[in-house]
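# A closer look at the structure
The primary structure of each chain is shown beneath.
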Amino acid sequence: MSQAPIKLIPRNVAALRRGQQPADGARPVPGNPVSTRLESGVGNCFPGLECDLRNLERRFFPFLEVDIQDTEIDVISVDLAGVQESAGNGEISADTATTYRQISSGLSLGRRWTISQMRGTFGPLGVQTLVVADLRLPSTGANRLPPDAWTAIRLLTEGTEVELTLRQGNTTRSLVRNRARYLDDNGALAKMFLPGELTQSLCSPWTHDFRDCGCFYWASNHPDIALPVLPTPPPVTPEINTYVPWERKDRTVNTLPDPATIDTPVELSHYEINNQWQTLNFVLEGRETVAPYQLGKFTALKFASLAELVTNLRYAAGVELAVIHEYLAAAYSLKVAGVPATAQDNVDAARAELMRITYGEMRHVRAVNDVLRALDPAAFVPALGVASQVPAPLPDAFRPVVPRPATPEVIQAFIDIERPSVSVDGLYSRILATLEDFGSDETQQTVRSIMADGESHFETFSFIQEWLDKHSPADYLTNPNAGVAPADNALHQKLQEEYLALLERLFNGYALGIPAGAADINTARNAMLGTAGLDGAAEAVAAAGFLVAFDHIPDARFAPVDHP
């Protein structure tokens, strides 16, 4: 009888070890962003999200698999092959190997082996000898015991010596080994873990969690909403880029689904999920797909050298700061009061989305600086100079940075600068292509995330344009002809002071790096918000009828950056 071809090809390390080279599992999977890796996961305990962390502790002691209750630890299995290999290498004594074999033999005959006592270093609780049956709440005060067996195992310091007393009836045995490591030297799950072991105790089916929690709840690495399947031919309407419920009942490909909401009537019922989970579409790069995935190929022209790459990265950071200047000027030019009732929602939404995009650009500044540090830590100097010009829609064209109110023409300019494969995105395409030669997987994923955000910003600006085009600029702009305040204006001067203080904090924080620079970065972040910070100063300038604009700073750290 011939075997049907398998539908899923193993990609994780544990599954690959069952027939392929373990090192293959360390490579990123085409189509999946870095956020789908285990280290980016939202792992917790039962019922769990994508990982049940309790299962790590099941293999805390070399060659043993255990089942953990509050006051009991049962041995489930013994890795005899590992014992044999370790004994052959001289890593464990013959007596220790014999003890392992005795435990395994008893288990095969249906006899119960339990861990009755543990001695080891239990993290902040120090070195202790614990009787497992005595572990219970409360766990307070000096010399306290862990509240349960799982917590006790969890506290054991990796790599430190652990002594177990095992009991089977009136028979006791002792084993002494170092606490097992969860990860191997490549950062992948250690060899002892089997395929699917970290997920075997999650909700069944786990997709029930998606339905019960409602749309927009889940983390970005496991969204319960997704972009719909692209029909053939793909439509040009922005609605195709609107997120829809992933577990919807109607899965017609050429019919545009309703947008995702917190209501669930369009979603599969729990019984339907049990029977139809296999019909749910794969989601790759944020979009559902029903066809074989084709890995996109970058054809961008690479920079000629590492030095040229660094120069363009520093310019990219400057571009991010430059568009922040323009986006803030536009956002604060929108009215916060006196808006006609028919325009209020659209104007409020436009302002909120402009600010959200601006926050995203600030994250991009940080991301570019992280890439620069990774490329040459010793020579790293924070890149916080504002670009004097930004890329224009035409190839090799640039335009000056000018703060302007959010007129229709300005919103169109924002759409142009964020348009995929053009302007700023084109610059990052070349950076990404060059990082294949000089960067790491992490730096490449960082730039990919910036590019993905840029596509999202393009879509959002398209929506802002649609919202504001329904109204006259006089209805939503505080002053359509607003200009920059005079240099001696007190409100303008206060804004410049807040801006300089912000940049100085960021420079110090970026220069120190994480964790040393965390305090400065956090202080800078807090200084952006609130009436006493940059936001309050900007609101005051806008309320006075002026544009929110930032002067050039006579400081080499923040000097304007010309395009390469």
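As a reminder, the structure under discussion sits directly above these lines.
To start, this report covers the structure provided alongside it.

### Details of the overall build of the protein chain
On a plain count of helices and strands, the protein chain comes out with 16 helices and 12 strands. Considering the protein chain as a whole, with its 564 residues, one finds that 42% of them fall into the buried category. Residue pairs in contact within the protein chain that sit at least 24 positions apart in sequence constitute 64% of those at least 6 positions apart.

### Brief notes about unusual backbone geometry
Residue Pro 138 follows Leu 137 across a cis peptide bond; omega there is -5 degrees. Position of Pro 138 among the secondary structure elements: in the loop between β4 (127-131) and α5 (149-155). Here the residue pair Ile 514 and Pro 515 is connected by a cis peptide bond, since its omega of 15 degrees sits within 30 degrees of zero. For Pro 515, the location among the structural elements is in the loop between α14 (490-512) and α15 (518-527).

### Observations concerning the environment of Pro 395
Relative to the helices and strands, Pro 395 is located in the loop between β11 (389-391) and β12 (398-400). Classification of Pro 395 by relative accessible area gives exposed; the value is 71%. Separated by 31 residues in sequence, Pro 395 and Gly 426 place their C-alpha atoms 9.1 Å apart.

### What to know about the packing of helix α9 (residues 341-375) against α14
Closest axis-to-axis distance for the α9/α14 pair is 10 Å, and the angle between their directions is 35 degrees. The two elements α9 and α14 cross, and the hand of that crossing is right-handed. Here α9 contributes Met 362, Val 365, Arg 366, Asn 369 and Arg 373 to the contact with α14, which in turn contributes Leu 506, Tyr 510, Ala 511 and Leu 512. Of the residues belonging to the contact of α9 with α14, the class tally is 6 nonpolar, 1 polar and 2 charged.

### Section: the nonpolar core
Counting 77 residues, the largest nonpolar core has Leu 334, Leu 354 and Ile 431 as its most contacted members. For this core, the element with the most residues is helix α8 (residues 306-332), which contributes 15 residues.

### Observations regarding the pairing of strand β2 (residues 73-78)
As paired strands, strand β1 (residues 64-68) and β2 are joined by 5 bridges and run antiparallel to one another. Paired with Leu 64 across the two strands is Val 78, which belongs to β2. Hairpin geometry of β1 and β2 is characterised by an intervening segment of 4 residues between the two adjacent antiparallel strands.

### Let's talk about empty space enclosed by the protein
By the definition in use, this model includes 2 cavities of 30 Å³ or more. Computed from the structure, the second largest cavity encloses a volume of approximately 60 Å³. Taken together, Ala 329, Tyr 332, Ser 333, Thr 478, Asn 479, Ala 482, Ala 542, Gly 545, Phe 546, Leu 547 and Val 548 make up the full set of residues lining the second largest cavity. Broken down by class, the residue content of the lining of the second largest cavity amounts to 7 nonpolar, 4 polar and no charged.

### Some thoughts on the pairing of strand β3 (residues 114-121)
Pairing analysis gives 5 bridges linking β3 to strand β5 (residues 161-168), with the strands arranged antiparallel. In the sheet register, Arg 119 faces β5, and the bridge partner there is Glu 163. Linking β3 to β4, which pair antiparallel, is a turn of 5 residues; within it Gly 123 sits at a positive phi near 50 degrees.

### Remarks on the packing of helix α3 (residues 80-88) against helix α4 (residues 94-108)
The interhelical angle for the contact between α3 and α4, taken along N-to-C directions, is 165 degrees, at an axis separation of 10 Å. As the angle between them shows, α3 and α4 are arranged roughly antiparallel. α3 and α4 meet at a crossing whose hand is left-handed. Each of Leu 80, Val 83, Gln 84 and Ala 87 in α3 lies in contact with α4, whose residues at this interface are Ala 97, Tyr 100, Arg 101 and Ser 104. The residue makeup of the contact of α3 with α4, split by class, is 5 nonpolar, 2 polar and 1 charged.

### Some points on the packing of aromatic side chains
One pass over the structure, following the stated rule, counts 9 aromatic pairs. Considering the side-chain rings of Phe 463 and Trp 467, the 6.5 Å spacing of their centres and the 20 degrees angle between planes classify their relative orientation as stacked. Here the residue Phe 463 and the residue Trp 467 both occupy positions in helix α12 (residues 441-468), the gap between them amounting to 4 residues, near one helical turn. Among the residues examined, Phe 463 registers a relative accessible area of 22% and is labelled partly exposed. For the pair Tyr 499 and Phe 550, a centre-to-centre distance of 4.5 Å together with 35 degrees between the ring planes defines the contact as tilted. Of this pair, Tyr 499 sits in helix α14 while Phe 550 sits in the segment after α16 (534-543), and the two are 51 residues apart along the sequence.

### Quick look at the side chain of His 457
Within the secondary structure, His 457 sits in helix α12. Judged by its relative accessible area of 4%, His 457 is buried. At 3.0 Å, the side chain of His 457 and the side chain of Glu 361 are in polar contact. Aside from chain neighbours lying at most four places away, what touches His 457 is Ile 357, Gly 360, Glu 361, His 364 and Glu 418.

### Some details on the pattern of salt bridges
As enumerated under the stated definition, the model contains 20 salt bridges in all. Put simply, Arg 58 and Glu 65 hold a salt bridge, and the shortest N to O gap is 2.8 Å. Neither residue differs from the other here; Arg 58 and Glu 65 are each classed as buried. Measuring nitrogen to oxygen at the nearest pair gives 3.6 Å for the salt bridge that ties Arg 59 to Glu 65. Taken individually, Arg 59 and Glu 65 each receive the classification buried, so the pair is uniform in this respect. What emerges from the salt-bridge pattern is a single network uniting Arg 58, Arg 59, Glu 65, Asp 67 and Glu 197.

About the cut-offs
Along each chain, the written sequence defines residue order, and numbers are assigned to residues from 1. This being a predicted model, a pLDDT of at least 70 is required before a residue's local features are given, and a value of 80 or more before pairs of side-chain atoms are given or counted; all residues contribute to the totals for chains, interfaces and linings. As a convention, hydrogens and water are excluded, and side-chain values are obtained from all of the structure's heavy atoms. What counts as a helix is a DSSP run of H or I of at least four residues, what counts as a strand is a run of E of at least two, and both are numbered from the N terminus. A simple rule labels every residue: compare its accessible area, found with a 1.4 Å probe on the protein chains alone, to the largest value its type can have, and call it buried under 20%, exposed over 50%, or partly exposed in between. Should any heavy atoms of two residues lie within 4.5 Å, those residues are considered in contact. Axis geometry follows a simple rule: fit a line to the C-alpha atoms, using only the stretch in contact for helices, then measure angles between N-to-C directions, giving values from 0 to 180 degrees. Note on convention: the crossing is left-handed when the near helix lies turned anticlockwise from the far helix by less than a right angle, right-handed when the turn is clockwise. Residue classes follow a fixed rule: Ala, Val, Leu, Ile, Met, Phe, Trp, Tyr, Cys and Pro count as nonpolar, while Asp, Glu, Lys and Arg count as charged, and any other residue, Gly among them, counts as polar. Residues grouped as a nonpolar core are buried Ala, Val, Leu, Ile, Met, Phe, Trp, Tyr and Cys residues, joined through side-chain atoms within 4.5 Å. A strand pair is defined by DSSP finding two or more bridges across the two strands. Of the two site types, the cavity is a set of points on a 1 Å grid over the protein atoms alone where a 1.4 Å probe fits but cannot get out, and the pocket is an open set with protein on both sides within 12 Å along at least five of seven lines, each lined by residues with an atom within 4 Å of a point. Grid points are joined across faces, edges and corners, and a volume is the space filled by probe spheres set on the points. An angle counts as roughly parallel when it lies under 35 degrees, as roughly antiparallel when it exceeds 145, as roughly perpendicular when it falls between 65 and 115, and as oblique in every other case. Pairs were defined over the aromatic rings of Phe, Tyr and Trp, the Trp ring being its six-membered one, requiring ring centres within 6.5 Å. Orientation was assigned from the angle between planes: stacked under 30 degrees, edge-to-face over 60, tilted for the rest. By the criterion applied in these results, polar contacts are pairs of N or O atoms within 3.5 Å in which, for protein atoms, one can donate a hydrogen and the other can accept it, and in which residues neighboring in sequence qualify only through two side-chain atoms. Should a side-chain nitrogen of Lys or Arg be within 4 Å of a carboxyl oxygen of Asp or Glu, the pair is scored as a salt bridge.

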